[in-house]
Amino acid sequence: MRSNCIEAGCDEAGRGCLAGPVFAAAVVLPSGFRCDELNDSKQLSEKSRSRLRSVIEQHALCYAVEVCTPEEIDELNILWASVKAMHKAIAKLTIRPEHILVDGNRFRPFENVPHTLVVKGDGKYLSIAAASVLAKTYRDEYMQRLHQQFPVYNWECNKGYPTKHHREAIKNHGITEFHRKSFNLMERQLEFDF
């Protein structure tokens, strides 16, 4: 986006989930970095994301992945918890960025570093796409580990998103400490029994 400037791309994963933290990544790629396969992580298969994560981690000048917990999400709301997770990731970068590219349309300034908001940025800028892949793969791994403790929710497959199986499990087994209590965890009843 800006030439001759150290630019970090930021994105998050897990905003729409009922359970688990929101993960955010910040990535600084070398100038001239090329990777035709790299795209919005939602457009990629799990296998592709895993392969690309290795490429990103090998070639990035620096990267960081951070989280905000379900408690922080409940306290701040999901939007500002996502932004806080991005701020934590940027702060962990070993190279201070001179400009930040953020996927989406809301952000709070990070210190005095200028930023640009880019709607659907993970499909437009490689650094945002790289952050998208890291946030998604790290979060998926985390939810797969949690699945071992709480197999009834099928987090291994749904990663905490509101699938029919996940909502049914909440109805039958209640919630865990990893569920976001500020979210609508049960589907609203649409029909009334008279």
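As a reminder, the structure under discussion sits directly above these lines.
Keep in mind that what you see is a predicted model, and the values were worked out from it rather than measured.

Novice: Whenever I open this one, the packing of helix H1 (residues 46–59) against helix H4 (residues 126–149) confuses me. Can you help?
Specialist: Axes are the key here: two packed helices are described by the angle between their axes and the distance separating the axes. Following both chains from N to C, one finds H1 and H4 inclined at 120°, their axes separated by 9 Å at the closest point. Where H1 crosses over H4, the handedness of that crossing is left-handed. Judged by residue contacts, Glu 46, Arg 49, Ser 50, Leu 52, Arg 53, Ile 56 and Glu 57 of H1 engage Ala 130, Val 133, Leu 134, Lys 136, Thr 137, Tyr 138, Asp 140, Glu 141 and Gln 144 from H4. Class assignment of the residues belonging to the contact of H1 with H4 gives a composition of 6 nonpolar, 3 polar and 7 charged.

Novice: What's the story with the sheet that holds strand S2 (residues 22–28) in this structure? I'm lost.
Specialist: Sheet strands pair by backbone hydrogen bonding; their relative direction is either parallel or antiparallel. Read from one edge to the other, the open sheet built from 5 strands follows the order S3-S2-S1-S4-S5, with strand pairing classed as mixed. Only two strands of the sheet have a single partner each, and these edge strands are strand S3 (62–68) and strand S5 (115–118). Pairs of neighbouring strands in the sheet enclose a mean axial angle of 20°, with direction left out of account. Sheet analysis places strand S4 (residues 99–103) next to S5, joined by 4 bridges and oriented parallel. The residue bridging Val 102 from the neighbouring strand is Leu 117, located in S5.

Novice: Sorry if this is basic, but what is going on with the side chain of Ser 82 here?
Specialist: Topologically, Ser 82 is positioned in helix H3 (residues 78–92). Relative accessible area serves as the criterion here: at 1%, Ser 82 is assigned to the buried category. What Ser 82 contacts, discounting residues up to four positions off in sequence, is Glu 12, Arg 15, Val 22 and Ala 24.

Novice: Help me understand H1 in this model?
Specialist: Counted at 1.5 Å a residue, the expected span for H1 with its 14 residues is 20 Å, and the 20 Å between its end C-alpha atoms agrees. Ser 48, Arg 49, Leu 52, Arg 53 and Ile 56 are the residues of H1 that are buried. Viewed along the axis of H1, the buried residues span an arc of 140°, placing them on a single side of the element. Looking at H1, the residues exposed on the side facing more than 90 degrees away from the buried face are Lys 47 and Gln 58. The inward-facing, buried residues of H1 abut S2 and H4.

Novice: Is there a simple way to think about unusual backbone geometry in this case?
Specialist: Outside of glycine, negative phi angles account for most residues, and trans bonds account for most peptide bonds. In the Ramachandran plot, Asn 77 falls in the positive-phi region, its phi being about 95° despite a non-glycine side chain. Within the secondary structure layout, Asn 77 lies in the loop between helix H2 (70–76) and H3. We note that Glu 111 has phi near 50°; this positive angle belongs to a residue other than glycine.

Novice: Just to check I follow, could you spell out the side chain of Arg 49 for this structure?
Specialist: Among the structural elements, Arg 49 can be located in helix H1. Not counting residues within four places of it along the chain, the set of residues in contact with Arg 49 comprises Ser 41, Leu 44, Val 133, Lys 136, Thr 137 and Asp 140.

Calculation rules
- Residues numbered from 1 in each chain as written.
- Predicted model: local features only at pLDDT ≥ 70, side-chain atom pairs only at ≥ 80, totals over all residues.
- Heavy atoms only, no water.
- Axes fitted to C-alpha atoms, helices over the stretch in contact; angles between N-to-C directions.
- Helix = DSSP H or I, 4+ residues; strand = E, 2+ residues; numbered from the N terminus.
- Left-handed = near helix turned anticlockwise from the far one by under 90°.
- Contact = heavy atoms within 4.5 Å.
- Nonpolar A, V, L, I, M, F, W, Y, C, P; charged D, E, K, R; others polar.
- Pairing = 2+ DSSP bridges.
- Buried < 20%, exposed > 50% of the residue type's maximum accessible area, 1.4 Å probe, protein only.
- Expected span 1.5 Å × (residues − 1).
- Arc of directions from axis to C-beta.

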